[in-house]
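Overview (structure and organization)
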Amino acid sequence: MLATGSYVPSRVMTNKDISELAGTSELAILRKTAIRERRWAKPEEATSDLAVAAGRAALERAGIGAAELGLIIVATSTPDSPQPATACVVADELGAGHGTAAFDVNSVCSGFTFALSIAERTLADSTADYALVIGADVYSRILSPMDRRTIVLFGDGAGAVVLGPGGGQRLVSARLASFASARELIGVPGGGSRMPATQETLREGMQYFSMNGRGVSEFVETQVVPGIQEFLKDNGVSQDDIAHFVPHQANGRLLESMAERLGIPAERMATTVTRYGNTGAASVPITLDQLARSGAVAPGDLTLLAAFGGGMSMGLTLLRAG
């Protein structure tokens, strides 16, 4: 991993703004989520716009041009449109070459870790030198203002990494998993081939994101935390060996509980949830970029990425700083 980059929209949505939409209080939002504000895209901004900005920042820090990329993967569950892949829009806007492979990955909030693993393996098996992996979502477009359970949590943003030969952080190990029997915990029921958009589905609000918050919390407790513990054990690593913990920024209170259950001190956990909320597939790379730019990562440090999301899905990654 040569470099990181990120981008969040300029429009700030405070808890006061959200409380007025959702019919709740600023204090209640902060108490339940630890979120103080989040960023929402402007009407003219789409997922690809955020992804391009984050990708460009990562490429500039890596010191390479888009024409040198052999692969671009965009992890998103809020694409610009059903077709073509948002990654193709990003590739064109960045000026990638005609031979650059570009495609999307949708594992909801786990998408970036899935895409990172795919890109690392693809580079190892190809003649390409560089890959750009982006997590980007614009959840503000699929939130119902009537659903206070979700509108308080989500923000928009994008984070990116450049993979290639050289220094930076090296991917040591990854584990991807899906728990399909729990797929109904998170989703957008309308708009697909099963239930195409109609006047009826729009009246019923089926175009909006829905989430069983209690079910997701139970999933984290029963599957994600034990999954992380098993992953570390299989890699011969203890929680004391983890210098930096970068979890999916789902909910600040949930992250506190995760860290406590894992025995990872709070000061080792990187967070952006207070300022940006839950940015979907962008949350891990945005937080990873903030960590990288903080100067806190020393040579030899182990960083654990732990994402979870709809599907249900889980993506775990160990990075070693060079």
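Let me sum up the structure you'll find in this document. (Residues numbered from 1 in each chain as written. Predicted model: local features only at pLDDT ≥ 70, side-chain atom pairs only at ≥ 80, totals over all residues. Heavy atoms only, no water.)

**Some thoughts on unusual backbone geometry**
Following Gln83, the chain continues to Pro84 via a peptide bond in cis, the omega torsion being -5°. Tracing the backbone through its elements, the reader meets Pro84 in the loop between strand S4 (69–75) and helix H4 (86–94). Of the consecutive residues Gly311 and Met312, the connecting peptide bond is found in the cis state with omega at -20°. Along the chain, the position of Met312 falls in the loop between strand S12 (302–309) and strand S13 (313–321). Positive phi, normally seen in glycine, also occurs at Ala34, with a value near 65°. Relative to the helices and strands, Ala34 is located in the loop between helix H2 (26–33) and strand S3 (37–40). Of the residues examined, Ala34 reaches a relative accessible area of 11% and is grouped as buried. A positive phi is found at Val108, a non-glycine position, where the angle reads about 50°. (Helix = DSSP H or I, 4+ residues; strand = E, 2+ residues; numbered from the N terminus. Buried < 20%, exposed > 50% of the residue type's maximum accessible area, 1.4 Å probe, protein only.)

**With respect to the pattern of salt bridges**
Considering all chains together, one arrives at nine salt bridges under this definition. For Arg261, the salt bridge goes to Glu221, with nearest N and O atoms at 3.6 Å. Pair noted here: Arg261 is in helix H9 (residues 252–262) and Glu221 is in helix H8 (residues 213–234), with a separation of 40 residues, a long-range link. Classification of Glu221 by relative accessible area gives partly exposed; the value is 40%. (Salt bridge = Lys/Arg side-chain N within 4 Å of Asp/Glu carboxyl O.)

**Here we look at the packing of helix H3 (residues 47–62) against H4**
For the pair H3 and H4, interaxial distance at closest approach is 9 Å and the crossing angle is 50°. In this view, H3 runs oblique relative to H4, as classed from their interaxial angle. Crossing geometry of H3 relative to H4 is assigned as right-handed. For the pair H3 and H4, contact is made by Thr47, Ser48, Ala51, Val52, Arg56 and Leu59 and by Thr86, Val89, Val90, Glu93 and Leu94, respectively. (Axes fitted to C-alpha atoms, helices over the stretch in contact; angles between N-to-C directions. Parallel < 35°, antiparallel > 145°, perpendicular 65-115°, else oblique. Left-handed = near helix turned anticlockwise from the far one by under 90°. Contact = heavy atoms within 4.5 Å.)

**What to know about the sheet that holds S12**
Taking strand neighbours across the sheet as the criterion, the four strands line up as S8-S13-S12-S11 in an open arrangement whose pairing is mixed. Unpaired on one side and paired on the other, strand S8 (169–178) and strand S11 (242–247) mark the two borders of the sheet. Shown here is a sheet whose adjacent strand axes are inclined to one another by a mean of 15°, direction ignored. When S12 meets S13, the two strands line up antiparallel, connected through eight bridges. The residue bridging Ala307 from the neighbouring strand is Gly315, located in S13. H8 rests against S8, S11, S12 and S13 of the sheet, and its axis sits at about 35° to S13. (Pairing = 2+ DSSP bridges.)

**Here we look at the nonpolar core**
The biggest cluster of nonpolar side chains holds 49 residues, and the ones touching the most others in it are Ile228, Phe245 and Met258. Broken down by secondary-structure element, the contributors of at least two residues to this core are helix H1 (15–22), H8, S11, H9, S12 and S13. Ranked by the residues each element gives to this core, the list is headed by H8, at eight residues. Ignoring sequence-local partners within four residues, the contact set of Phe245 consists of Ile228, Met258, Leu262, Ile264, Arg268, Met269, Ala270, Leu304 and Ala306. (Core = buried A, V, L, I, M, F, W, Y, C linked by side-chain atoms within 4.5 Å.)

**Some details on the sheet that holds strand S7 (residues 156–163)**
The strand order S1-S7-S6-S4-S5 describes an open sheet built from five strands, whose pairing is mixed. Each edge of the open sheet is held by one strand with a lone partner, namely strand S1 (3–7) and strand S5 (101–105). The average undirected angle you get between the axes of adjacent strands in this sheet is 15°. As paired elements, S1 and S7 share five bridges and run antiparallel to each other. Paired with Ser6 across the bridge in S7 is Gly159.

**Focus: the packing of H1 against H2**
Put simply, H1 and H2 touch, their axes get as near as 8 Å, and they point 105° apart. Classified by the angle their axes make, H1 and H2 are roughly perpendicular. Across the interface between the two elements, Asn15, Lys16, Ile18 and Ser19 of H1 pack against Glu26, Ile29 and Leu30 of H2. Looking at side-chain class alone, the contact of H1 with H2 contains three nonpolar, two polar and two charged residues. (Nonpolar A, V, L, I, M, F, W, Y, C, P; charged D, E, K, R; others polar.)

**Side note on the packing of aromatic side chains**
Per the stated rule, a full pass over the model turns up four aromatic pairs. Summarising the aromatic geometry, the rings of Tyr139 and Phe154 are spaced 4.8 Å apart at their centres and angled 15° between planes, so their arrangement reads as stacked. Remark: Phe154 occurs in the loop between helix H6 (148–151) and S7 and Tyr139 occurs in the loop between strand S6 (130–138) and H6; sequence separation between them is 15 residues. Grouping residues by exposure puts Tyr139 and Phe154 together as buried. Arranged with centres 5.0 Å apart and planes meeting at 70°, the rings of Phe154 and Phe209 form a pair that is edge-to-face. (Phe/Tyr/Trp six-rings, centres within 6.5 Å; stacked < 30°, edge-to-face > 60°.)

All we've got here are geometric facts, nothing functional implied.
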